[in-house]
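Chains, contacts and geometry: an overview
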Amino acid sequence: MHPDQPATALRTERERTLDGDTALPVGTRSAFRDDILTSWRRCQMVGMAPSSEDVPYRPEFERPNRLLRAAGPVIDRLAEQMGSGPASILLADSEAQIIDRRAGIRALEEALDRAMVAPGFHYAEEYTGTNGIGSALEARKPFVVSGSEHYRENLQEFTCIGSPLRHPISGVVEGVLDVTSRVSDTQELMKPLVLAAVREIESRMYADASRREQMLLERFLRAGRRSSSTAVLSLNEDVVMATTAASALLDMSDQASLWEWACRMLGTGDECVGDVALSGGVVVDARATRIGDRDGTAGVLVEMRPAARSARGSAPAGGHRVRRARRAAARSDVLPGRSVAAGRLRDEVEVVVDDERPLLLCGEPGTGKLFVATHLHRKRRHQDPLTVLDARTSPDDPGAWFDRLVSGIDGGGTVVVRHLDQLAPEMAGRVEALLETPARTGARIVATVRTRDGDSPAGRTLDHFPVSITVPPLRYRGEDIADLAPRLIGAHTARRPAPRLLPSTLRTLSGLDWPGNVRELGAVLATAVTRSLGSDIAHEHLPAEYRDSSNRSGPASLQRAERDILLEALAETHGNKLAAAERLGIARSTLYRKMRILGIDENRLPTFRPR
Ligand SMILES: Nc1ncnc2c1ncn2[C@@H]1O[C@H](COP(=O)(O)OP(=O)(O)OP(=O)(O)O)[C@@H](O)[C@H]1O
């Protein structure tokens, strides 16, 4: 905002902009910064009215220990320095809920209370519009909002300066520090003050993490020395240390389940024992012991032995390896995934295993359509030939392509035609005729397409597929990454022990959008395996743009809501951007800009209805 712009002129421009009139006289720029305009548009896209005053409130809220341990002393000191001055300090958690408010003169405190800027109130942008807390979280950077830059009218008497607090090791945003004053009391030094405090809090987070890691290591070494036959795991949300016996026994999904089991069982106690069923059906007797000191919990030590009543009995020497091999063999026969979507896919595939009719597999690029097709082939016809053709290559030499198709069908077994929707148009009639007569050889034809709706050069060819299954996009099945990752990682570590994902890495990956689906996940894990040099995969081994799920996804993310709205409109209008813009009531140029900002590739538009 231009500080010398008269208040009335700003008000007029604000009203004009919020009414959707973005046209400015040639050569003039908006008086409002791009960051603010972007944030306002996000608010408009979720249908928020500038006059609304509701603020979600949760009186019982969790006080995140790790954040408070690092931020508490810094805020204490700041509050003491600022005393009853004209500014207040606010601390919010990673969901933008205010968990602490300090300092400030009485009049400011009263104004903040009236506007409901107090502990327990929720300042995520989608609830409360452009503000120092929610907008800093959305923008992932320090954010200043003053006066009429606030989207909501009832916040316009304040200037807020918020900055995300990012954990220096995991990269996860753990909260927001904000300093707020009345507009008339805004001081130049507020922003440097916030930034210095943020730096200090983050360096305390670093020291705290190292101290906790040291405690985990000490306990881990001590327990490992006690018994070499017991599988030992020392872990917290960010770090996992495992003995060889534990590595052989556990999948990465088991680590996450053990962590959750230990947290649940320990409650406020220091030790617990119980049976835990691991993902391969093995049951272990586990003992979990809290690791920590009077400053808090650093993690948990889990010691495990196969349970006496384990389905496979106690393990003989080398038994873990046998068990793992058995589990791996059993797994390759099953389409992986624990999500509802994966379960539905498995059921649908099971129903068509013995169906001889042509089958269409639909889904976005990289979802695993060919993977499902080959899985089907292995289940029923693994001794017969498998022929895979790609219709995208049919325009190069249509005659030769068609001959290959015919000879595949003549050879029996399974014939997979990938990307049938990209068949050379002049081939459609011939392929249709082929599909009309059942193959003498009993060959089963499986084709893959993005969608069976809409116009495609394959024309009516798709009508000859009476059965179809949709392979769901990965973003609908984030939980499945725990099951997919070991296989994808295994593909890059043929003879070496495969590294595992740390639970926090798994959590981050599970929250991403994955426009390129399983293929994209495979590429990211391949990079991470190379970077990890054999150790377990942590955030820093991921490509930078995959280290933070909160700006790409999460139900609370406005960006996600916005992205879904755009994708939905584009899918409904079959990628026609003019029609999509009209449907959304925005200018086509805005639609293009949004697509760019939100990373929507116009060549890879989905054909589904996003959630
Ligand atoms: N369930 C799975 N388990 C392990 N790997 C998988 C799974 N699904 C897909 N993949 C891997 O993901 C990559 C993409 O899968 P696939 O080629 O089957 O996708 P697709 O949907 O046919 O893609 P496109 O339509 O873009 O050709 C492949 O490397 C495949 O091995």
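Residues numbered from 1 in each chain as written. Predicted model: local features only at pLDDT ≥ 70, side-chain atom pairs only at ≥ 80, totals over all residues. Heavy atoms only, no water.

Naming follows an unreviewed UniProt entry, where the protein appears as Transcriptional regulator of acetoin/glycerol metabolism of Pseudonocardia parietis.

A separate point is the overall build of the protein. On a plain count of helices and strands, the protein comes out with 20 helices and 15 strands. Counting all 611 residues of the protein, 52% fall into the buried class. When contacts within the protein are restricted to residue pairs at least 6 apart in sequence, those whose partners lie at least 24 apart make up 67%. Summed over all atoms, the accessible surface of the protein reaches about 28300 Å², with 51% contributed by carbon and sulfur. (Helix = DSSP H or I, 4+ residues; strand = E, 2+ residues; numbered from the N terminus. Buried < 20%, exposed > 50% of the residue type's maximum accessible area, 1.4 Å probe, protein only. Contact = heavy atoms within 4.5 Å. Areas by Shrake-Rupley, 256 points an atom, 1.4 Å probe, with all protein chains shown as cover.)

So, on to the sheet that holds strand β11 (residues 359-362). Strands sit in the order β12-β13-β14-β11-β15 across an open sheet of 5 strands; the sheet is parallel. Two strands bound the open sheet, and with one partner strand each, they are β12 (386-390) and β15 (467-470). Recorded for the sheet is a direction-independent mean angle of 20 degrees between the axes of neighbouring strands. The strands touched by helix α11 (residues 340-352) are β11, β14 (444-449) and β15; relative to β15, the strand with the most contacts, the crossing angle is about 160 degrees. (Pairing = 2+ DSSP bridges. Axes fitted to C-alpha atoms, helices over the stretch in contact; angles between N-to-C directions.)

Below, the discussion takes up the nonpolar core. Core analysis: the largest hydrophobic core is formed by 34 residues, its most contacted members being Trp40, Val117, Tyr123, Ile133 and Phe158. Sorting the residues of this core by element identifies α1 (7-18), α2 (34-45), β1 (87-93), α4 (106-114), α6 (134-139), β3 (143-146), β4 (158-166) and β5 (173-182) as the ones contributing at least two each. Per-element tally for this core: the top contributor is α2, with 4 residues. Look past the residues within four positions of Trp40 in its chain and what remains in contact with it is Arg14, Thr17, Leu18, Phe32, Thr130, Ser148, Glu149, His150 and Tyr151. Core analysis: the second largest hydrophobic core is formed by 25 residues, Leu278, Val282, Val302 and Ala538 among them. (Core = buried A, V, L, I, M, F, W, Y, C linked by side-chain atoms within 4.5 Å.)

The next point concerns the site of the ligand. Taken together, 15 residues form the shell around the ligand, and within it Lys369, Phe371, Arg418, His419 and Arg519 come nearest. One of the side-chain nitrogen or oxygen atoms of His419 is found 2.7 Å away from an oxygen atom of the ligand. For the ligand, whose unbound accessible area comes to 630 Å², protein coverage reaches 81%. Put simply, the parts of the chain that give the shell around the ligand at least two residues each are α12 (369-381), α15 (481-490) and α17 (517-532). Residue contributions to the shell around the ligand peak at 3 residues, all from α12. Grouping the constituent residues of the shell around the ligand by class yields 7 nonpolar, 4 polar and 4 charged. When residues of the shell around the ligand are assigned to domains, at least three fall in each of domain 3 (340-470) and domain 4 (474-546). (Near = heavy atom within 4 Å. Polar contact = N/O pair within 3.5 Å; in protein donor to acceptor, adjacent residues only side chain to side chain. Nonpolar A, V, L, I, M, F, W, Y, C, P; charged D, E, K, R; others polar. Domains from an automatic or database assignment.)

Below, the discussion takes up the environment of Cys43. Topologically, Cys43 is positioned in helix α2. When the C-alpha positions of Cys43 and Tyr127 are compared, they lie 8.6 Å apart, and in sequence the two are 84 residues distant.

Following both chains from N to C, one finds helix α3 (residues 65-82) and helix α7 (residues 190-226) inclined at 145 degrees, their axes separated by 8 Å at the closest point. Of the two elements, α3 crosses α7, and the hand of that crossing is right-handed. For the pair α3 and α7, contact is made by Arg66, Leu67, Arg69, Ala70, Ala71, Pro73, Val74, Arg77, Leu78 and Met82 and by Leu193, Ala197, Glu200, Ile201, Arg204, Met205, Asp208 and Arg212, respectively. Residue classes in the contact of α3 with α7 are distributed as 11 nonpolar, no polar and 7 charged. (Left-handed = near helix turned anticlockwise from the far one by under 90°.)

Scanning the entire structure with this criterion turns up 25 salt bridges. Residue Asp100 is joined to Arg102 by a salt bridge in which the shortest nitrogen-to-oxygen separation is 3.1 Å. Owing to a relative accessible area of 16%, Asp100 belongs among the buried residues under this scheme. Look at Arg102 and you get partly exposed, because its relative accessible area is 23%. Counted as one network, the salt bridges with shared partners bring together Arg69, Asp208, Arg211 and Asp293. (Salt bridge = Lys/Arg side-chain N within 4 Å of Asp/Glu carboxyl O.)

What follows deals with α17. Here α17 is 16 residues long and its end C-alpha atoms lie 22 Å apart, about the 22 Å a rise of 1.5 Å per residue gives. Within α17 the residues assigned to the buried category are Asn517, Val518, Glu520, Leu521, Gly522, Val524, Leu525, Ala526, Ala528, Val529 and Ser532. Packing partners of the buried residues in α17 comprise α15 and α16 (503-510). The positive-phi residue at the C-terminal boundary of α17 is Leu533, with phi of around 50 degrees. (Expected span 1.5 Å × (residues − 1).)

Quick look at the sheet that holds strand β6 (residues 231-235) now. One open sheet holds the 5 strands; their spatial order is β7-β6-β10-β9-β8, and the pairing between them is antiparallel. This sheet does not close on itself; its edge strands, each paired only once, are β7 (240-242) and β8 (271-277). Averaged over all pairs of adjacent strands, the angle between their axes in this sheet comes to 20 degrees, without regard to strand direction. By the bridge criterion, 3 bridges tie β6 to β7 in an arrangement that is antiparallel. Counterpart to Ser234 in the pairing with β7 is Met241. Packing of α7 onto the sheet brings it into contact with β6, β7, β9 (283-293) and β10 (296-306), and relative to β10 it is tilted by some 25 degrees.

Let us look at the pairing of β9. Remark: a regular strand shows side chains that alternate across the two faces of the sheet. Two elements, β8 and β9, share 7 bridges in a ladder whose sense is antiparallel. Bridging across to β9, Gly274 finds its partner in Ala286. Of the pairings in the sheet, the one linking β9 to β10 comprises 10 bridges and is antiparallel in character. Within the sheet, the bridge partner assigned to Ala288 lies in β10 and is Val302. As consecutive antiparallel partners, β9 and β10 are separated by 2 residues.

Let us now look at the environment of Leu521. For Leu521, the location among the structural elements is in helix α17. Take Leu521: its relative accessible area is 0%, and that puts it in the buried class. Leu521 has contacts with Leu474, Ile481, Leu484, Leu488, Leu509 and Trp514, leaving out every residue within four places of it along the chain.

Before going further, it helps to examine the packing of aromatic side chains. Applying the stated criterion to the full structure yields 3 aromatic pairs. Judged by centre distance (4.8 Å) and plane angle (55 degrees), the ring pair of Phe32 and Trp40 falls under tilted. Grouping residues by exposure puts Phe32 and Trp40 together as buried. With 4.5 Å between their ring centres and 35 degrees between their planes, Tyr57 and Phe121 make a pair best called tilted. On the criterion of sequence distance, the pair formed by Tyr57 in the loop between α2 and α3 and Phe121 in the loop between α4 and α5 (125-128) is long-range, its members being 64 residues apart. With a relative accessible area of 47%, Tyr57 lands in the partly exposed category. If you follow Arg430 out to its NZ or CZ, it ends over the ring of Phe402, 4.2 Å from the centre. (Phe/Tyr/Trp six-rings, centres within 6.5 Å; stacked < 30°, edge-to-face > 60°. Lys NZ or Arg CZ within 6 Å of the ring centre and 35° of its normal.)

Mapped onto the fold, Pro164 is located in strand β4. Using a relative accessible area of 8% as the deciding quantity, one classes Pro164 as buried. Between the alpha carbons of Pro164 and Ala96 there is a distance of 10.0 Å; along the sequence they are 68 residues apart. Contact partners of Pro164, with chain neighbours within four places excluded, come to Ala136, Arg140, Lys141, Pro142, Val173, Gly175, Val176, Val198 and Glu202.

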